[in-house]
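As a plain string of letters, each chain reads:
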Amino acid sequence: MQTYKLTALLLFLMFFSSCQEKEIEVLADQDFNKNWLFIKDSIPNAEAITIDDSNWRKVNVPHDWAIEGPFSDKNNARNGGLPIDGIAWYRKHFTVDAKNKNKQISIEFDGVMDNSKVYINGNFVGERHYGYSGFEYDLTPFIKFGENNVIAVQLAPEILSERWYPGAGIYRKVRLKLNEPIHIPQWGTYITTPKVASNKAVVSVETKLKNTLNTTENIVLETTILDINNTTVAVSSNKIELAKASEQKEVQKITVPNPILWDIGKPNLYTAVSRVIKDNKTIDEYTTEFGIRTIEFKKEGFYLNGKAVELNGVCMHHDLGPLGAAVNYRATERQMQIMQQMGANALRTSHNPPSTEMLQVCDRLGIVVIDEAFDEWKEAKVPNGYHKYFDKWAEKDLRDMIKRDRNHPSVIMWSIGNEILEQGKKDGWKIAKMLNDICHNEDNTRPTTAGFNYYPASFKNKLAYQIDVVGVNYKPAYYAEIREQNPDMIFYGSETSSQTSTRGYYEFPLKERVSKETNQVSSYDVNIGPSWTYPPEVEFEAQKQNPHSLGEFIWTGFDYLGEPTPYGGRDNSTNGYWNDDWPSHASYFAPVDLVGFPKDRFYLYQSQWTTEPMVHVLPHWNWEGKEGQNIPVYSYTNCDEVELFVNGKSYGKKIKGKDTTTIFAEYNGFKGGTIDSKYRLSWNVPYQPGSLKVVGYKNGKPVATKEIKTAGKPYKIKLIADRTTINASGEDLSFITVRVEDKDGNLCPKANHLINFKVSGNGNLEAVGNGNSASLESFQANYITSFYGKSLAILKATENPGEITLTATADNLTSATITIKTK
Ligand code: GAL
């Protein structure tokens, strides 16, 4: 539940109106994201008001300079092969009307990547290392009213500060706040629901009130609860005496009759509007979205609103593929909608505090979240990692994360770390205890957790016993043993599978090992990867055999930039080598590629996590030259049985759960070489061009089909928009799938045409991509090579309503045009 202050209209009045005599009652936050100046250079004294910045580049934030590229093997592939490091400056000029002289003025950054120092008019106001933390600085003493003011931000990100692509820049949102001397400060509300019943819920709203005046003040705090239709359902009003120059907390217990609960997939939200009223005038207004729901963690499972819920979760890094790390609400929402289509109901924000936008999306879609703070404590995984800052910053970063995020109904646990190396150290538990206590101190309504990959070391040194709910990474073979030895422990698979594959790429005869020649991994999802990885069904089976486990979080939901395993090896010796298999520079782990196209594995998860009848078949059916040869055909389904047809001829029915498919597997605790999967149905059929069709049956009745046809020669481009009308907000996006098709509309599964784009009207081409983790093409060019027949163009609307027209052309293909309305 985003907490923010209101009204763009009043904001406009405040700064630009000529009617200065007009009483502005409620002050608004200023959208401070436009018209920054940027330079990627270490300019001496760039904080000074007077330096000449006229030749700096004009940018809007959120901005990620590294995503602009170019990819280079001189950059570390582990960090995405992109230029994430170096000194850079952002400056912004602004004026504040003299009528605001008595106001409190501050600037809030949602996140700056990273090592930022902020200056106002040459004065240093603060620094922050951790790029994922939000922060606010008071500018009041330094503002020159009616004159030019300059905010200057210096960044100094380093390579190998993370094991993935962090992005670089002011990559989250910024706002300027003008407050009355008495106001509700940053993260000023803390809303919990101590009692929830069907006829009423008690909502506890704790509000911070800040009085910057040197006099005692009498105010009224009025909190109004609105339902999803903006109808008032409850109000509480308290008279309060505020001591001079003080900050105090006021708790209001408000009863909401007949509450509609927040739930997975049914995300009912309420809004609390907190008003500070003085002499009958509202002088501050603060809005908090929240939900009413109960969570319980028992050794038998996780319960939401009293009902047991199996966590079908995904881990996700924060980048948005071709858009980089620069936060965008719609891109984030699209990611999570695709995850929901796969059947996911839970997210672990690996391994750092997410954007506020991500939590808003999860609140609004009904997805539960593990909010994770750290990937390192004091022990280094990468040379410039968080270990350098842990002693000084960990407490503040953790407290700030919780204060920022604790009103989101989606958040169900606080994770204090991922695979932190203190697991193997004798005194590691002391840090865990310290962090655990901080979490409980800031929020006692949610349990703590962490992801442990050292087993049994993290149990033996007692670290795992310091937290409430134990996450185990990649250890399905030990779930039963953990339970046996810790009968009361609440636990789950905090990271699972890490199978790797490439959308559209198939190798047969099926190979046991990942091939090193192609920089691509077969989408049959059978290859054995690094030692800790295993196929999805190993986890499905372990969860089934251990029903007390809360569920699993697969690594990862979407492919991400950086960590191109299995290419480049895995090295924790911190010397930074990772480029052995260049040009691989993005992950292969996920069931969805870097641009959001499902791989075959997406449907394997769907077959396990959803109930709406579905059936999937692979591979594609264009095997020219292999006529008559046997081709392995796999089908994933949640139906009882599947029948396979080639050109209308049945190759027989296979029964889910009875007929098995032998696949390679070899993982921690299992050295068998192969397993018989009950989760995949398969046939070997001689190839003949034409139609490959599967029919799924439930109770003997056909309920789902999928058919792939051998594609003819590439003939045309097809453009498909995820949304054909978007908001003219300057931020909204339309994601256009670009397909190379034959005359009859079949996808040409091997097409690799270079597609050129032209955009006109009220929008621009924001990024392009194709999901190839080894492609060095720029995300910001106006062309992209199709990867196994597909690519993606992302259009962004301007603030002027109208139309955006995208035309795609390629040699030897009929071109295509699509028009998107913006309003
Ligand atoms: C885990 C780690 C993740 C990622 C994953 C790849 O050990 O926690 O961040 O590196 O391995 O399989």
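Residues numbered from 1 in each chain as written. Predicted model: local features only at pLDDT ≥ 70, side-chain atom pairs only at ≥ 80, totals over all residues. Heavy atoms only, no water.

1. Topic: the site of the ligand
Consideration 1: Surveying the vicinity of the ligand reveals 12 residues, the closest of which are His351, Glu419, Ser498, Trp532 and Glu563.
Consideration 2: Within the contact set of the ligand, an oxygen atom lies 3.4 Å away from a side-chain nitrogen or oxygen of Tyr474.
Consideration 3: Between the ligand and Glu495, the relevant distance is 2.9 Å, taken from an oxygen atom to a side-chain nitrogen or oxygen of the residue.
Consideration 4: In the complex, the protein chains occlude 99% of the 310 Å² of accessible area that the ligand would expose alone.
Consideration 5: Its residues assigned to classes, the shell around the ligand shows 4 nonpolar, 3 polar and 5 charged. (Near = heavy atom within 4 Å. Polar contact = N/O pair within 3.5 Å; in protein donor to acceptor, adjacent residues only side chain to side chain. Areas by Shrake-Rupley, 256 points an atom, 1.4 Å probe, with all protein chains shown as cover. Nonpolar A, V, L, I, M, F, W, Y, C, P; charged D, E, K, R; others polar.)

2. Topic: the confidence of the model for the protein
Low pLDDT means the predicted coordinates in that region are not meant to be read closely.
Consideration 1: Taken residue by residue, the protein gives an average pLDDT of 94. The fraction at 70 or more is 95%.
Consideration 2: The low-confidence segment residues 1–26 (pLDDT under 50) makes 65 contacts with residues lying over four places distant or belonging to another chain. (pLDDT = per-residue confidence, 0-100. Contact = heavy atoms within 4.5 Å.)

3. Thoughts on the sheet that holds strand β24 (residues 307–309)
Consideration 1: One open sheet accounts for 3 strands, arranged β22-β23-β24; its pairing is antiparallel. On the outer flanks of this sheet lie β22 (295–298) and β24, each paired with one strand and no other. The sheet shows a mean angle of 35 degrees between the axes of neighbouring strands, taken without regard to direction.
Consideration 2: Looking at chain direction, β22 and strand β23 (residues 301–304) are connected through 4 bridges and run antiparallel. Counterpart to Lys298 in the pairing with β23 is Gly301. (Pairing = 2+ DSSP bridges. Helix = DSSP H or I, 4+ residues; strand = E, 2+ residues; numbered from the N terminus. Axes fitted to C-alpha atoms, helices over the stretch in contact; angles between N-to-C directions.)

4. Things to note about the pairing of strand β13 (residues 189–196)
Consideration 1: Bridge count for β13 against strand β14 (residues 200–211) is 6 bridges, and the pairing is antiparallel. Among the inter-strand pairings, Lys195 is bridged to a residue of β14, identified as Val202.
Consideration 2: Between β13 and the antiparallel strand that follows it, β14, lie 3 residues.

5. A word on the packing of helix α2 (residues 329–342) against helix α9 (residues 600–609)
Consideration 1: Packing of α2 against α9 leaves a shortest axis separation of 8 Å and a crossing angle of 60 degrees. It follows that α2 is oblique to α9 by the angle criterion. The residues of α9 that touch α2, namely those facing Ile338, Gln341 and Met342, are Phe602, Tyr605, Gln606 and Trp609.
Consideration 2: Tallied by class, residues from the contact of α2 with α9 come to 5 nonpolar, 2 polar and no charged. (Parallel < 35°, antiparallel > 145°, perpendicular 65-115°, else oblique.)

6. Regarding the environment of Ala450
Consideration 1: Among the structural elements, Ala450 can be located in strand β29 (residues 448–452).
Consideration 2: On a C-alpha basis, the gap between Ala450 and Glu300 in space is 19 Å, while along the polypeptide they are 150 residues apart.

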